[in-house]
Structure formats: structure tokens, C-alpha cells
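Chain by chain, the residues:
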Amino acid sequence: MKNIKTSFLLFIFLFLAAGWAHAHALYIDTNTEGTSGKIHEVKIYYSEFAERKAEKVTDWYSNVADFELWLVQPSGKRTKLSTTAHNNHYSANFTPEKNGAYRLEISHVAEDPGDGTAYQFNAFAPVMVGKKGKMIPVTTESPELVLAEEIQNINSSKRIFKTYFKGTQKEGITATLFLPSGETKEVKSNSEGILEVELDEKGIYFLEATTYHEDESGKTKKAPYKSVWRCATQKLERL
């Protein structure tokens, strides 16, 4: 009886995890190349990648629309950017003052846990200003689940990421790559926390890494939770 119960609970967990892996998520849409001294435009969407359809801001889950957008400069300095609401997205902008690698990032925990699970939405976008730049280090100020791209390769068909969990490079982080064709491909970071994806066709891709911790309790602004689902997203494009 115990084995049957354990198997049933495992089945339920895997079923739910599969659903969460393809849930709605925030993502940052911006040009990955910028120019020093020129305004750089940014948009933030809440979408189901498989459907390629952005939700109206008024329909976003819980208080996800209260996210904060941060710009990490080449020096590592973090600046909060102001955002403006539109019909199905938020917009923002910044003006890079010098060449180098910049990173836009969001980390937001919805205040309404679903069935006792807290939902944390993380989103990233690299912006290269000039021809050279190194990946911005992940620090204690960074989101808990991070996709950190080796951004000197943003125009390559092979994209390389480092996966971090709570500031430590982490192996075994599973991600889904949504292809322009509508198909999906599962990828996982290796023993060194390196995750590689191949963009075999031209078009728009989405990469979404997810983790689920069943025994991680706490409390949001509104209610307690007993487990945490995290996602980390990045929009990719092969020209």
C-alpha cells in the first residue's frame, strides 16, 4: 500500500511539474545590440510561449504586473528602470553611457500562492553595446534562478548559458527551448552548470528554465506557501 501511495504521489508531482514547465511566464523583449548614447527600448510581456500570444495586462496573474525591471551595467551597478503600462505589455528604456555588456532582469514572486505553491518569475535579456563584453557576474543581488548568457555570442547559432541557483552555479537545471516551428526541445545544464542550445533555424525562440522545490515554505505578502516554482526566461533570435 505504501509503494502504491508513493507511486501515486510521484505521478501527481510529475503531472503538475509538466504543466508548470509550460505555464505563462514573463519575458523581456529588446534588441540585443545597443549604441552608446542612444535610447534603448525595452518591452515586457506575460505570455504562454507555446501559443505565442501575449496576455492583456489586466489579465496578468495575481500581482505579476507589479514586477520591477533592473538594468545591470558593465560595472555591475544596478539601476531600477521605470515602466509604463500598455494594452498587452509594459515598456521602458535606458541610455547606455559606454560600451560593454548590459543585462536586464526581473525577479518577482506572485503574492497569491496557487495550491500552496509560490510562483517566482525571473526574466533576462542581454544587451551588447560595442563589439566586446564579458558576462556580468551573478551576485547576491541577482535573482534566485538565473540564466546568464555568454553574451559575446549573441549573434551565434550556438548559445551558451551558465545556470545559477541562489548565487551558485548549478548543474541539472532543466530548460525548454521553444522553436520557431512550434516544436519544443528539452535541454539541461551539465556538471559545470553550463547549458548550450543550438538555434538550427532562423526566427524567434524562447528559453525557459524551471525548478520546483516541494519542501520550501515561507510566506508571500498575502499568504503562506509550502513549495516554490521558479522560472527563468530569455527570448532568443537567429537572424
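Residues numbered from 1 in each chain as written. Predicted model: local features only at pLDDT ≥ 70, side-chain atom pairs only at ≥ 80, totals over all residues. Heavy atoms only, no water.

1. Remarks on the confidence of the model for the protein
Step number 1: Residue-level pLDDT values for the protein average 89, and 89% of them are 70 or greater.
Step number 2: Segment residues 1-22 is flagged for pLDDT under 50; beyond a separation of four residues in sequence, or across chains, it makes 14 contacts in the model. (pLDDT = per-residue confidence, 0-100. Contact = heavy atoms within 4.5 Å.)

2. Focus on the pattern of salt bridges
Step number 1: Per the counting criterion, the structure on display carries 12 salt bridges.
Step number 2: Across the pair Lys 80 and Glu 68 runs a salt bridge, and its minimum N-O distance is 3.2 Å. Of the two residues, Lys 80 is situated in strand β6 (residues 78-81) and Glu 68 in the loop between β4 (53-54) and β5 (69-72); the sequence distance between them amounts to 12 residues.
Step number 3: When the shortest N-O distance is used, the salt bridge between Arg 78 and Glu 105 registers 2.4 Å. Taken together, the positions of Arg 78 in strand β6 and Glu 105 in strand β9 (residues 100-109) put the pair 27 residues apart, joining distant regions of the chain.
Step number 4: Each of Glu 144, Lys 166, Glu 216 and Arg 230 takes part in salt bridges that share partners, so that together they form one network. (Salt bridge = Lys/Arg side-chain N within 4 Å of Asp/Glu carboxyl O. Helix = DSSP H or I, 4+ residues; strand = E, 2+ residues; numbered from the N terminus.)

3. Section: the environment of Glu 150
Step number 1: Its place among the elements puts Glu 150 in the loop between β11 (145-149) and β12 (158-165).
Step number 2: C-alpha of Glu 150 to C-alpha of Ile 136: the two residues are 14 residues apart in sequence and 8.9 Å apart in space.
Step number 3: Not counting residues within four places of it along the chain, the set of residues in contact with Glu 150 comprises Met 135, Ile 160 and Lys 162.

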